[in-house]
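# Coordinate inspection notes
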Amino acid sequence: MAGFIWIQSCSKTKEVTPVPPTVEIAAVSELTINSARFNGQISNSGNQDISDYGFVYSESNAAPTLSDAKVSHGAVSQGTPTPVTISDQIQSLKPGRLIMSGLMLLLLPGRFTVLQ
């Protein structure tokens, strides 16, 4: 006697609500006549992969974008331990110019956020 048991599951795929990364931006430090250190950290990567992170900065744009100068550090996956500390010494700045900076996060798929 042979028997068959057929089990079928009717579960819906649950949509995951995106949780954005949490970041902290610290004051610019180590100022010299032509350099400055930008500081910040990714406190929590949320539930999204970060395809790139770093700083954007400008001597003329009050709200720097990806079109301005930038320092890039690469990807942070959801499994990367946080916090991720970011600190970059920016050289060759023009003396006497106000530098505006922001922390850059590029989120997959291709969306970007610049936080100041």
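Reference entry: report on the structure contained in this document. All chains use their own residue numbering, which begins from 1 and follows the written sequence. A pLDDT threshold of at least 70 governs which residues receive local features in this predicted model, and a stricter bar of 80 or more applies before side-chain atom pairs are shown or counted, although totals over entire chains, interfaces and linings include all residues. To get the side-chain values, take all heavy atoms of the structure and skip hydrogens and water.

## As for the layout of surface pockets
This is how it is decided: For cavity detection a 1 Å grid was placed over the protein atoms alone, and a set of points counts as a cavity when a 1.4 Å probe fits there but cannot get out; an open set counts as a pocket when protein lies on both sides within 12 Å along at least five of seven lines, with lining residues being those that have an atom within 4 Å of a point. Grid points are joined across faces, edges and corners, and a volume is the space filled by probe spheres set on the points. Each residue gets one label: Ala, Val, Leu, Ile, Met, Phe, Trp, Tyr, Cys and Pro are nonpolar, Asp, Glu, Lys and Arg are charged, and the others, such as Gly, are polar.
Empty space within the largest pocket amounts to approximately 170 Å³. What lines the largest pocket is a set of 15 residues, and nearest its centre among them are L31, A36, L93, R97 and I99. Taken together, the residues of the lining of the largest pocket sort by class into 8 nonpolar, 5 polar and 2 charged.

## Thoughts on the sheet that holds strand 5 (residues 84-90)
Rules: Strand pairing is defined by DSSP finding a minimum of two bridges between the two strands. Only DSSP runs of H or I covering at least 4 residues are called helices, and only runs of E covering at least 2 are called strands; the numbering of each starts at the N terminus. As a rule, the C-alpha atoms of each element are fitted with a line to give its axis, helices using only the stretch in contact, and angles between N-to-C directions run from 0 to 180 degrees.
What the 3 strands build is an open sheet, ordered 1-2-5; its pairing is antiparallel. The open sheet has two edge strands, strand 1 (22-29) and strand 5, and neither has a second partner. With strand direction ignored, the average angle separating the axes of adjacent strands in the sheet is 15 degrees.

## A closer look at the packing of aromatic side chains
Aromatic ring pairs: the centre-centre distance and the angle between the two ring planes describe each pair. Keep this limit in mind: In this analysis, rings of Phe, Tyr and Trp, with Trp reduced to its six-membered ring, are considered paired at centre separations within 6.5 Å, and the interplanar angle assigns stacked below 30 degrees, edge-to-face beyond 60, and tilted for intermediate values. Per-residue accessibility, obtained with a 1.4 Å probe over protein chains only, is compared with the maximum for each type, and a residue is labelled buried under 20%, exposed over 50%, and partly exposed between these values.
Scanning all chains against the criterion turns up 2 aromatic pairs. Ring centres of F38 and F55 lie 5.6 Å apart, and the angle between their planes is 65 degrees; this geometry places the pair in the edge-to-face category. Of this pair, F38 sits in strand 2 (residues 36-44) while F55 sits in strand 3 (residues 50-58); the two residues are 17 residues apart in sequence, bridging distant segments of the chain. With respect to class, F38 is no different from F55; both count as buried. With 5.6 Å between their ring centres and 65 degrees between their planes, F38 and Y57 make a pair best called edge-to-face. Note that F38 is positioned in strand 2 and Y57 in strand 3, a separation of 19 residues in sequence. Looking at Y57, the relative accessible area reads 15%, which means it is buried. Taken together, the ring pairs in this structure connect F38, F55 and Y57 into an aromatic cluster.

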